[in-house]
2 protein chains.
Amino acid sequence: MSLLVTGSIGIDTVTTPFGTSENCLGGSAVYFSMAASYFCPVRFSGVIGADCPFDLADTFKGRDVDLSGLEIRQNSKTFRWKGSYHNKMNEAVTDNVELNVLAEKPAKVPVEFTDSKFVFLANTSPALQMELLSQIDNPTFVAADTMNCWIDGHFDSLKKLMGKVNALIINEDEARSIAKESNLIVTAEKILEMGPDVIVIKKGEHGSLMCTKAGDIFVLPAYIAKEVKDPTGAGDSFAGAFMGYLTKQGQVNTENLKKAIAYGTVMASFTISDFSLAGLAAADTKAIESKLEKLREVTQF
Amino acid sequence: MSLLVTGSIGIDTVTTPFGTSENCLGGSAVYFSMAASYFCPVRFSGVIGADCPFDLADTFKGRDVDLSGLEIRQNSKTFRWKGSYHNKMNEAVTDNVELNVLAEKPAKVPVEFTDSKFVFLANTSPALQMELLSQIDNPTFVAADTMNCWIDGHFDSLKKLMGKVNALIINEDEARSIAKESNLIVTAEKILEMGPDVIVIKKGEHGSLMCTKAGDIFVLPAYIAKEVKDPTGAGDSFAGAFMGYLTKQGQVNTENLKKAIAYGTVMASFTISDFSLAGLAAADTKAIESKLEKLREVTQF
């Protein structure tokens, strides 16, 4: 099984109490693919401008990440994000954003990717997500992310998308905005009624919650982290490991979904341990399995 | 083994999005004792004024709660608290407080309670908590709660108390205030350095975290609750079940501590399901064990 991701590649400048990382590699598709690559082959789809200083082939060297879907637009500029984290580091403050290529038409999914069975549509406008999805022949399991600007401004379009995807993987605040509800279990149930079979709500330092139409509920705390250097990309790393594990297993059932959440939790913990992709890229199977065991030890009674 | 609690009895008026409960029974010792009574005999110590409209003997009828330590001061008035909950219901807003008897000297612990082995000192000034503790001969396991006004205004006194107790059971914000640290694991470690062997940090809807000097870490989400009618007393119910379970087991070890946290989580969920003590008092062994199993099911992978 292989996993397709469509999402952003970004030039990030991030400030946290641990320092500033200027013009570093970021973007949802990048974090997602790096995390997923520990579990399964990844097909990457995204757009950069001619100004992009990063060699993604080098970034993913030695990993089974197929960059055929990386489009370089000579007359465009790469997406840039400048953000900072304060106090409890649970939420990013966006200091500046330049959409650049993200404001243009999305990447065309290469024809050799159209038979992908597991698909992740990273955050972009729901209309674009639908357009991307329509290029895939017959996917088995499609998950999508979204954010508040689409929930507030394009809700009808988002509702259509929700009717087409198997899973939504979003933040706590986004989930509450969609459901217009404060209780998180009720929020999850309301979102399930809008279409998806699985809703995963990411709560940052408080972990995550998953509910399914089949009636499964799963709640897991975040990995115990003594040092959070940079939370950027934690959510996309979570989603990457979640989808990567499911793709590897090839089957979406209660047990696999729970374990996918656990792996998502673990991979996010690598990401937050350092700036940009440094923590995530330094992981290996032994360290991943060891953290999974530790996660089990500190949560099971 | 029996468990002694010293704490408040209150006349509460609570407003939540579900309504207002006027002049209902509350107070830390009351919630604590009710929750603990499902696990072990409880010895109750606290003070009320002549105005108290509640018959505590009736409240605890059929339960092994020894009210010999209940002092009624004819010339005093009972503690009153008026509070409300908004939005996410994770934090109470205190609208009015009348300390009344709580501003006077504490209850005298009856001589027949002085051989108590498990002791919980509910929130009051650390100096009073020390005075109460000094009346107990040779306790095995003492836990205490505190709150921000003591952390901010009586920190030296609180530090002395922390050197005398085995466990501190406090809220997330209180823990961060004590440790002057935002990361919760580091917060816990810093508090352990101040004295207690066990630190339990309650995070409301996000569950709880326990760390021990022996190196145990345990993180558990809150019980999945679709309806939170009134969070008042959840923390004291948690502490009551936590201490009640440990008292019942008679031994404080890793396994018992983890299970005590799980039972604390379950009993808090009964409390928040209704106003005042209605939800907690309606629990029974079958419902408690069933919720414990459900908690295991939704958290284990």
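For the structure given in this document, a descriptive report is provided here. (Residues numbered from 1 in each chain as written. Chains lettered and ligands numbered in written order. Predicted model: local features only at pLDDT ≥ 70, side-chain atom pairs only at ≥ 80, totals over all residues. Heavy atoms only, no water.)

Quick word on the overall build of chain A
Counting its regular elements, chain A contains eleven helices and 13 strands. Taken over the C-alpha trace, chain A has a radius of gyration of 18 Å; the compact-globule value for 301 residues is 19 Å, and the two agree within 12%. Over its C-alpha atoms, taken along the principal directions, chain A stretches across nearly 55 × 40 × 35 Å. Within chain A, buried positions represent 59% of all 301 residues. Summing over all exposed atoms, chain A offers an accessible surface of approximately 11700 Å²; the carbon and sulfur share of this is 48%. Across chain A, 29 positive and 37 negative side-chain charges occur, with their mean positions spaced 2 Å apart. (Helix = DSSP H or I, 4+ residues; strand = E, 2+ residues; numbered from the N terminus. Rg over C-alpha atoms; globule rule 2.2 N^0.38 Å. Buried < 20%, exposed > 50% of the residue type's maximum accessible area, 1.4 Å probe, protein only. Areas by Shrake-Rupley, 256 points an atom, 1.4 Å probe, with all protein chains shown as cover. Lys, Arg positive; Asp, Glu negative; His and termini not counted. Charge placed at Lys NZ, Arg CZ, Asp CG, Glu CD.)

A few points about the pairing of strand β3 (residues 19-26) of chain B
Residues and elements named next belong to chain B. The pairing of strand β2 (residues 10-16) with β3 spans six bridges and is classified as antiparallel. Counted as the bridge partner of T16 is G19 from β3. What sits between β2 and β3 in their antiparallel hairpin is a turn of two residues. (Pairing = 2+ DSSP bridges.)

Overview of the nonpolar core
With 100 residues, the main nonpolar core has B:F242 and B:M267 as its most contacted residues. Sort the elements by how many residues they give to this core and helix α9 (residues 254-272) of chain B lands first, with ten residues. Discounting residues that sit within four places of it in the chain, B:M267 has contacts with B:A35, B:Y38, B:F39, B:S237, B:A241, B:L280, B:A283 and B:I288. Residues A:V30, A:F32, A:A239 and B:L158 belong to the second largest nonpolar core, which totals 93 residues. (Core = buried A, V, L, I, M, F, W, Y, C linked by side-chain atoms within 4.5 Å. Contact = heavy atoms within 4.5 Å.)

Some remarks on the packing of helix α1 (residues 28-36) of chain B against helix α8 (residues 234-249) of chain B
Residue and element names in this part refer to chain B. Contact geometry for α1 and α8: axes closest at 7 Å, N-to-C directions at 45°. Here α1 is positioned oblique relative to α8, judged by the angle of their axes. Of the two elements, α1 crosses α8, and the hand of that crossing is right-handed. Contacts between α1 and α8 involve S28, Y31, F32, A35 and A36 from the first element and D236, S237, A239, G240, A241, M243 and G244 from the second. (Axes fitted to C-alpha atoms, helices over the stretch in contact; angles between N-to-C directions. Parallel < 35°, antiparallel > 145°, perpendicular 65-115°, else oblique. Left-handed = near helix turned anticlockwise from the far one by under 90°.)

A closer look at the pairing of strand β6 (residues 79-85) of chain A
Residue and element names in this part refer to chain A. Here β6 lies mainly inside the structure; five of its seven residues are buried. Note that strand β2 (residues 10-16) and β6 share six bridges and pair parallel. Bridge pairing in β6 places D12 opposite W81. Where β6 meets strand β7 (residues 92-98), six bridges bridge the pair, whose relative direction is antiparallel. Bridge pairing in β7 places Y85 opposite A92. The loop that links β6 with its antiparallel partner β7 comprises six residues; one of these, N87, has a positive phi angle of about 45°.

Some details on the packing of aromatic side chains
All names here are of chain B. Per the stated rule, a full pass over the model turns up 13 aromatic pairs over all chains. Where F39 meets Y263, the ring centres are 5.1 Å apart and the plane angle is 70°; that geometry is what we call edge-to-face. With F39 in the loop between α1 and β4 (42-49) and Y263 in helix α9, this residue pair connects regions lying 224 residues apart in the sequence. Both residues of the pair, F39 and Y263, belong to the buried class. (Phe/Tyr/Trp six-rings, centres within 6.5 Å; stacked < 30°, edge-to-face > 60°.)

Here's the deal with the interface of chain B and chain A
Taken together, the 32 residues of chain B in the interface contact 32 residues of chain A. Both faces considered, chain B and chain A share a buried interface measuring about 3000 Å² in area, 56% of it formed by carbon and sulfur atoms. Taken as a group, B:H206, B:K226 and B:F301 account for 26% of the area that chain B buries against chain A, more than any other trio of residues on that side. Counting every contact that joins chain B to chain A gives four salt bridges. Between A:E205 and B:R176 there is a salt bridge, with its nearest N and O atoms 3.4 Å apart. Along the contact surface separating chain B from chain A lie 14 residue pairs in polar contact (both at pLDDT 80 or more). Elements with a contribution of two residues or more to the side of chain B that touches chain A: α6 (172-179), α7 (184-193), β13 (217-220), α9 and α11 (285-299) of chain B. When residues in the side of chain B that touches chain A are grouped by element, the largest group, six residues, is from α11(B). (Buried area = accessible area lost by both parts, 1.4 Å probe. Salt bridge = Lys/Arg side-chain N within 4 Å of Asp/Glu carboxyl O. Polar contact = N/O pair within 3.5 Å; in protein donor to acceptor, adjacent residues only side chain to side chain.)

Quick word on the sheet that holds β2(A)
All names here are of chain A. Taken in spatial order, the four strands make up an open sheet running β3-β2-β6-β7, and their pairing is mixed. Of all the strands in the sheet, the pair left with one neighbour each is β3 (19-26) and β7. The average undirected angle you get between the axes of adjacent strands in this sheet is 15°.

Here's the deal with α11(B)
When the terminal C-alpha atoms of α11(B) are compared, their 21 Å separation across 15 residues agrees well with the 21 Å that a helix rising 1.5 Å per residue should span. As for α11(B), its buried residues are in contact with β13 (217-220) of chain A together with β13 and α9 of chain B. (Expected span 1.5 Å × (residues − 1).)

Focus: the relation of the copies chain B and chain A
Each copy of the chain is related to the other by a rotation around an axis and a translation along that axis. The transformation that overlays chain B on chain A combines an axial shift of 0.0 Å with a rotation of 180°, and the residual RMSD is 0.0 Å. Seen this way, the second copy is the image of the first under a two-fold rotation axis. The share of interface residues of chain B whose copies in chain A are also at the interface is 100%, consistent with both copies meeting through the same surface. (Least-squares fit on C-alpha atoms with pLDDT ≥ 70 in both.)

Considering the environment of B:L280
Tracing the backbone through its elements, the reader meets B:L280 in helix α10 (residues 278-281). With 163 residues separating them along the chain, B:L280 and B:K117 place their C-alpha atoms 25 Å apart.

Looking at the sheet that holds β4(B)
Residue and element names in this part refer to chain B. Strand order across the open sheet formed by nine strands is β5-β4-β1-β8-β9-β10-β11-β12-β13, with mixed pairing between neighbours. Edge strands, defined here as strands with exactly one partner in the open sheet, are β5 (65-73) and β13. Neighbour-to-neighbour, the strand axes of the sheet open up by a mean angle of 15°, direction not taken into account. As judged from the four bridges shared by strand β1 (residues 3-6) and strand β8 (residues 118-121), these two strands associate in the parallel manner. What sits directly across from T6, in β8, is L121. Along the sheet, α7 contacts β10 (167-171), β11 (198-202), β12 (208-212) and β13; its crossing angle with β11, the most-contacted strand, is approximately 140°. Sitting on the sheet, α8 is in contact with β1, β8, β9 (141-144), β10, β11 and β12, with an inclination near 165° to β8.

Things to note about helix α5 (residues 155-162) of chain A
Residue and element names in this part refer to chain A. Within α5, burial applies to F155, S157, L158, L161 and M162. Angularly, the buried residues of α5 cover 155° about the axis, an arc narrow enough to put them on a single face. Exposed and facing more than 90 degrees away from the buried side of α5 are D156 and K160. (Arc of directions from axis to C-beta.)

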